[in-house]
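A look at the structure
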Amino acid sequence: MSFGEAIKTCFQKYATFSGRERRSEYWYFYLFTFLVSFVLNCIPLFGFLSSIWWLAQIIPSLAVTVRRFHDIGKSGWNYLFIAIPELLFFGYIFSFMFYAIKDLINAGIDYHNFADNTENIAKIIGDSIIANGSLATFGIYFLILVVSIILWLVWMTRDSQPGENKWGPNPKELPGNEPQNFD
């Protein structure tokens, strides 16, 4: 499957969570969404478009991921092993930022004169890390995140389950989907 075909297919199957998809379709669509997001986030004028793009691609991205899980013989619910650690890690980062900012506000730091307060800010944030036990928690969440990323890579790079499974026929074995020989 080519890059263009993969993108077209994913958007045609916008919210189709049944069936199976090949590695090439998953990774081409993943690359496409990454590149578009990268461009939209790098150009400040496109901030609003970046939010719209995220909303437009979230459902087809979830759908192609679920179909990819089906292709390797796993339920789409296995995606939770990847998504939940990510949400926990980034939720932890945001909660840490909230507590650090709260501690800075309670300390009466003058944000308009940031350069003169760097030592005070560093001390307050350091005390906040120690007080909330944040460093150990961060390490645990980070380790869980790394394991989930490795699990995602192993699953999403796995070859299709041969033959038909409970989610349908192997897309590689369908007529017209023979592997291309580039010799």
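As shown above, the structure is provided for reference.
What comes next is a walk through the structure. Keep in mind that this is a model prediction, so the values were computed, not measured. (Residues numbered from 1 in each chain as written. Predicted model: local features only at pLDDT ≥ 70, side-chain atom pairs only at ≥ 80, totals over all residues. Heavy atoms only, no water.)

Structural notes on the overall build of the chain
Each helix and strand in the chain was counted, giving 6 helices and 0 strands. Reading the secondary structure of the chain in the N-to-C direction produces α-α-α-α-α-α. Classification of the 183 residues of the chain by burial places 30% in the buried group. If you take every contact in the chain between residues at least 6 apart in sequence, the share linking residues at least 24 apart comes to 70%. As displayed, the chain offers around 11,800 Å² of accessible surface, 69% of which is attributable to carbon and sulfur atoms. (Helix = DSSP H or I, 4+ residues; strand = E, 2+ residues; numbered from the N terminus. Buried < 20%, exposed > 50% of the residue type's maximum accessible area, 1.4 Å probe, protein only. Contact = heavy atoms within 4.5 Å. Areas by Shrake-Rupley, 256 points an atom, 1.4 Å probe, with all protein chains shown as cover.)

Remarks on the packing of helix 2 (residues 23–42) against helix 3 (residues 47–71)
Two elements in contact, helix 2 and helix 3, have axes whose closest approach is 10 Å; the angle formed by their N-to-C orientations is 170°. With respect to helix 3, the axis of helix 2 lies roughly antiparallel. In this structure, helix 2 meets helix 3 at a crossing whose hand is left-handed. Residues R23, E25, Y26, F29, F32, T33, V36, S37, L40 and N41 of helix 2 pack against G47, L49, S50, W53, Q57, P60, S61, V64, T65, R67 and R68 of helix 3. When grouped by side-chain class, the residues that make up the contact of helix 2 with helix 3 number 9 nonpolar, 8 polar and 4 charged. (Axes fitted to C-alpha atoms, helices over the stretch in contact; angles between N-to-C directions. Parallel < 35°, antiparallel > 145°, perpendicular 65-115°, else oblique. Left-handed = near helix turned anticlockwise from the far one by under 90°. Nonpolar A, V, L, I, M, F, W, Y, C, P; charged D, E, K, R; others polar.)

Describing the side chain of H70
Turning to its location among the elements, H70 is positioned in helix 3. Taking the relative accessible area as the measure of exposure, H70 reaches 6% and is therefore buried. Not counting chain neighbours up to four residues away, the residues in contact with H70 comprise F17, S18, G19, R20, S75, G76, N165 and W167.

Side note on the packing of aromatic side chains
Within this structure, the stated rule accounts for 15 aromatic pairs. Where F32 meets W53, the ring centres are 5.7 Å apart and the plane angle is 85°; that geometry is what we call edge-to-face. Here W53 lies in helix 3 and F32 lies in helix 2, a separation of 21 residues in the sequence. In this structure W53 comes out as buried when scored by relative accessible area, which is 13%. Between the aromatic rings of F34 and F38, the centroid separation amounts to 6.2 Å while the plane-to-plane angle is 25°, which identifies the pairing as stacked. One end of the pair is F34 and the other is F38, both in helix 2 and 4 residues apart, which spans about a single turn. On the accessibility criterion, F38 (48% relative accessible area) is partly exposed. An aromatic cluster is present here, built from F3, F11, Y28, F29, F32 and W53 joined pairwise through their rings. (Phe/Tyr/Trp six-rings, centres within 6.5 Å; stacked < 30°, edge-to-face > 60°.)

Quick word on helix 2
Its 20 residues place the ends of helix 2 28 Å apart at the C-alpha level, agreeing with the 28 Å of an ideal helix rising 1.5 Å per residue. Buried residues of helix 2: E25, Y26, F29, F32, T33 and L40, and no others. Around the axis of helix 2, the buried residues are gathered within 135° of arc, so they sit on the same side. (Expected span 1.5 Å × (residues − 1). Arc of directions from axis to C-beta.)

Comments concerning the nonpolar core
Membership of the largest hydrophobic core comes to 14 residues, with the highest contact counts inside it found for F69, W155 and M156. At 4 residues, the largest contribution of residues to this core is made by helix 2. Apart from residues lying up to four places away in sequence, W155 is in contact with R68, F69, I72, K74, N78, F81 and I82. (Core = buried A, V, L, I, M, F, W, Y, C linked by side-chain atoms within 4.5 Å.)

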